[in-house]
Amino acid sequence: MDLVVDMSLEIEGYDTLVNEEEMKKYIKEALESEFESDRPVYLSILFTGNEEIQVINKQYRGKDQPTDVISFAYHETEDFDIGPYDTLGDIVISMERVDEQAAEYNHSPKRELYYVLTHGLLHLLGYDHIEEDDKKEMRAREEEILGQFGYTREM
């Protein structure tokens, strides 16, 4: 059965890099390879800048600095469902950090965007990178998903 995914993408101001239909297709296919649900799945994504994500990072993680992506996984703390949806959570991405990291790692902003998106999605699904073995597993899965869509490090 196809996974039904509904999402809210807040992309205002960042729509030159974020193609909404392409991103929704990517998210749906990435989730289908990792997650099963007999109900429609919901998640939200906010694309923002360093200033806004720093406020969120300080408020929720106690870190007073910008970061590339923050995920709020609802399955980790409680089943927070909205109506008929299996609600996965929220992802916040700093597009400024995406640009900075793309330059730092010498690949395209689009590849970096999809990397941080994939990283955030995997956090929603319970992946973590605190322990070294978990980090290796998460990194391998990130690269596998990105590779399925042609988002390689050389891109």
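An unreviewed UniProt entry lists the protein chain under the name Endoribonuclease YbeY, from Fusobacterium ulcerans 12-1B. Looking at the protein chain in UniProt, the text filed under Sequence similarities (unreviewed entry) is "Belongs to the endoribonuclease YbeY family." Check the Function (unreviewed entry) section of the UniProt entry for the protein chain; it says "Single strand-specific metallo-endoribonuclease involved in late-stage 70S ribosome quality control and in maturation of the 3' terminus of the 16S rRNA."

Student: For the sheet that holds strand β4 (residues 86–94), give the residues involved together with the corresponding values.
Tutor: Ordered by their spatial adjacency, four strands build an open sheet running β1-β2-β4-β3, and the pairing between neighbours is mixed. Two strands in the sheet have a free side with no partner beyond their single neighbour: β1 (5–10) and β3 (69–73). Between one strand axis and the next, the sheet turns by 15° as a mean value, whatever way the strands run. The pairing of β1 with strand β2 (residues 41–48) spans six bridges and is classified as parallel. Each residue of the ladder has a partner; that of Ser 8, found in β2, is Ser 44. Lying over the sheet, helix α2 (residues 50–61) contacts β2, β3 and β4, oriented at roughly 45° with respect to β3. This element, helix α5 (residues 109–124), spans β2, β3 and β4 of the sheet and lies at about 145° to β4.

Student: Could you give an account of the nonpolar core, naming the residues involved and the relevant values?
Tutor: One finds Ile 27, Leu 43, Phe 47, Ile 93 and Leu 117 to be the most contacted residues of the largest nonpolar core, which totals 36 residues. Of all the secondary-structure elements, those providing two or more residues to this core are β1, α1 (20–32), β2, β3, β4, α4 (95–105), α5 and α6 (132–148). Sort the elements by how many residues they give to this core and α5 lands first, with eight residues. Ignoring sequence-local partners within four residues, the contact set of Leu 117 consists of Met 23, Tyr 26, Ile 27, Ile 45, Ile 91 and Ile 93.

Student: Break down the pattern of salt bridges for me, with residues and values.
Tutor: Using the criterion set out here, one finds ten salt bridges in the structure. A salt bridge links Glu 20 to Lys 24, with the nearest nitrogen and oxygen atoms 3.2 Å apart. Placement of the pair is Glu 20 and Lys 24 together in helix α1, with a separation of four residues, close to one helical turn. By relative accessible area, Glu 20 is classed as partly exposed at 30%. Here Lys 24 falls in the partly exposed class, since its relative accessible area comes to 25%. Here Glu 142 ties to Arg 139 by a salt bridge, and the two come within 3.3 Å at their closest N and O atoms. Here Glu 142 and its partner Arg 139 are both found in helix α6, three residues apart, which amounts to about one turn of the helix. Classification of Glu 142 as buried rests on a relative accessible area of 0%. In this structure Arg 139 comes out as partly exposed when scored by relative accessible area, which is 29%. Each member of the salt-bridge network shares a partner with another, and the members are Glu 34, Arg 141 and Glu 144.

Rules behind the numbers
Residues numbered from 1 in each chain as written. Predicted model: local features only at pLDDT ≥ 70, side-chain atom pairs only at ≥ 80, totals over all residues. Heavy atoms only, no water. UniProt positions renumbered as here; feature names shortened; annotations may be inferred. Pairing = 2+ DSSP bridges. Helix = DSSP H or I, 4+ residues; strand = E, 2+ residues; numbered from the N terminus. Axes fitted to C-alpha atoms, helices over the stretch in contact; angles between N-to-C directions. Contact = heavy atoms within 4.5 Å. Core = buried A, V, L, I, M, F, W, Y, C linked by side-chain atoms within 4.5 Å. Buried < 20%, exposed > 50% of the residue type's maximum accessible area, 1.4 Å probe, protein only. Salt bridge = Lys/Arg side-chain N within 4 Å of Asp/Glu carboxyl O.

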